[in-house]
Amino acid sequence: MTEMQIKHLLSKYIFIQQEIEILKNYESCYKEPIASKYKKKEFYINLLSSAIKILDEKERFVIETHLINQKTWLETTELYEGKCGILNRRSERTLKRIQSKALTKIWDFITKLPIEIDDIE
């Protein structure tokens with residue numbers, strides 16, 4: 001799994017969570033191939049949830065706000081300022097650097113796990 005794939009999964013995080021909830025509710029109605037796809041998606045959501053917990057507060061805020069909640073960089077910058085105060089304001093460029101560092105941390109965490117991780121559809 002690459003950092004770009006992680007970024008892509010994080011951008012679909014909420015959508016995948018909702019998809020899992022629907023599939024859980026109708027578990028008895030679907031066939032085995034769908035069940036394995038649902039389990040795989042659930043695994044990835046749990047993996048990302050765990051990986052996000054290793055981030056510091058700034059990194060987690062940027063990942064959750066920009067990638068997961070799909071806010072623009074301008075909105076992310078304004079929300080960061082609202083959360084941390086005008087004296088701790090960060091530029092868009094700085095927030096992008098924080099996001100890049102966070103994605104690298106997540107990728108390092110995931111790739112060091114003693115499990116085989118393949119691509120998600």
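Source: prediction; values computed, not measured.

Caption draft 1: View of helix α6 (residues 92-111). For α6, with 20 residues, the first-to-last C-alpha span of 28 Å sits near the 28 Å given by 1.5 Å per residue. Here α6 has its buried residues at Thr-94, Leu-95, Ile-98, Gln-99, Ala-102, Leu-103, Ile-106 and Ile-110.

Caption draft 2: Quick peek at the packing of helix α1 (residues 3-11) against helix α4 (residues 57-68). At their nearest, the axes of α1 and α4 sit 8 Å apart, and the two run at 70 degrees to each other. It follows from the interaxial angle that α1 and α4 lie roughly perpendicular. Here α1 contributes Lys-7, Leu-10 and Ser-11 to the contact with α4, which in turn contributes Ile-63, Leu-67 and Ile-68. Residue composition of the contact of α1 with α4, grouped by class: 4 nonpolar, 1 polar and 1 charged.

Caption draft 3: Representation of the packing of α4 against α6. It is the contact of α4 with α6, at a shortest axis distance of 9 Å, that shows an interaxial angle of 100 degrees. One way to sum up the angle between α4 and α6 is to call them roughly perpendicular. When α4 is examined against α6, the residues Lys-58, Glu-59, Val-62, Ile-63, His-66 and Leu-67 are found in contact with a partner set consisting of Leu-95, Ile-98, Gln-99, Lys-101, Ala-102, Leu-103 and Lys-105. Among the residues making up the contact of α4 with α6, the classes are represented as 7 nonpolar, 2 polar and 4 charged.

Caption draft 4: Up close: the packing of aromatic side chains. For the structure on display, the rule yields 2 aromatic pairs. Aromatic side chains Phe-43 and Tyr-44 sit 5.6 Å apart centroid to centroid with 70 degrees between the ring planes, which places their arrangement in the edge-to-face category. The class for Phe-43 is partly exposed, based on a relative accessible area of 36%. Between Phe-61 and Tyr-80, the aromatic rings sit 5.6 Å apart at their centres with planes inclined by 65 degrees, giving edge-to-face as the arrangement. Within this pair, whereas Phe-61 is found in helix α4, its partner Tyr-80 is found in helix α5 (residues 73-84), the two being separated by 19 residues in sequence. A residue is classified by how much of its surface remains accessible, and Tyr-80, at 3% relative accessible area, is buried.

Caption draft 5: Structural view of the pattern of salt bridges. Going through the model one piece at a time under the given rule, you end up with 6 salt bridges. Between Glu-19 and Lys-41 there is a salt bridge, with its nearest N and O atoms 2.4 Å apart. Of this pair, Glu-19 sits in helix α2 (residues 13-25) while Lys-41 is found in helix α3 (residues 32-52), placing the two residues 22 residues apart along the sequence. Of the residues examined, Lys-41 reaches a relative accessible area of 8% and is grouped as buried. Its salt-bridge partner being Lys-101, residue Glu-59 comes within 3.8 Å of it at the nearest N-O pair. Residue Glu-59 is found in helix α4, and its partner Lys-101 is found in helix α6; the two are separated by 42 residues along the sequence. For Glu-59, a relative accessible area of 2% gives the class buried.

Caption draft 6: Here's a closer look at the side chain of Glu-59. Within the structure, the side chain of Glu-59 is placed 2.9 Å from the side chain of Lys-105, a separation counted as a polar contact. Those residues within four positions of Glu-59 in sequence are excluded, and the remaining contacts are Ile-98, Lys-101, Ala-102 and Lys-105.

Caption draft 7: Fine view of the side chain of Thr-76. Mapping Thr-76 onto the fold places it in helix α5. At 2.8 Å, the side chain of Thr-76 and the backbone oxygen of Thr-72 are in polar contact.

Rules used throughout
Residues numbered from 1 in each chain as written. Predicted model: local features only at pLDDT ≥ 70, side-chain atom pairs only at ≥ 80, totals over all residues. Heavy atoms only, no water. Helix = DSSP H or I, 4+ residues; strand = E, 2+ residues; numbered from the N terminus. Expected span 1.5 Å × (residues − 1). Buried < 20%, exposed > 50% of the residue type's maximum accessible area, 1.4 Å probe, protein only. Axes fitted to C-alpha atoms, helices over the stretch in contact; angles between N-to-C directions. Parallel < 35°, antiparallel > 145°, perpendicular 65-115°, else oblique. Contact = heavy atoms within 4.5 Å. Nonpolar A, V, L, I, M, F, W, Y, C, P; charged D, E, K, R; others polar. Phe/Tyr/Trp six-rings, centres within 6.5 Å; stacked < 30°, edge-to-face > 60°. Salt bridge = Lys/Arg side-chain N within 4 Å of Asp/Glu carboxyl O. Polar contact = N/O pair within 3.5 Å; in protein donor to acceptor, adjacent residues only side chain to side chain.

That is the geometry; function is a separate question.
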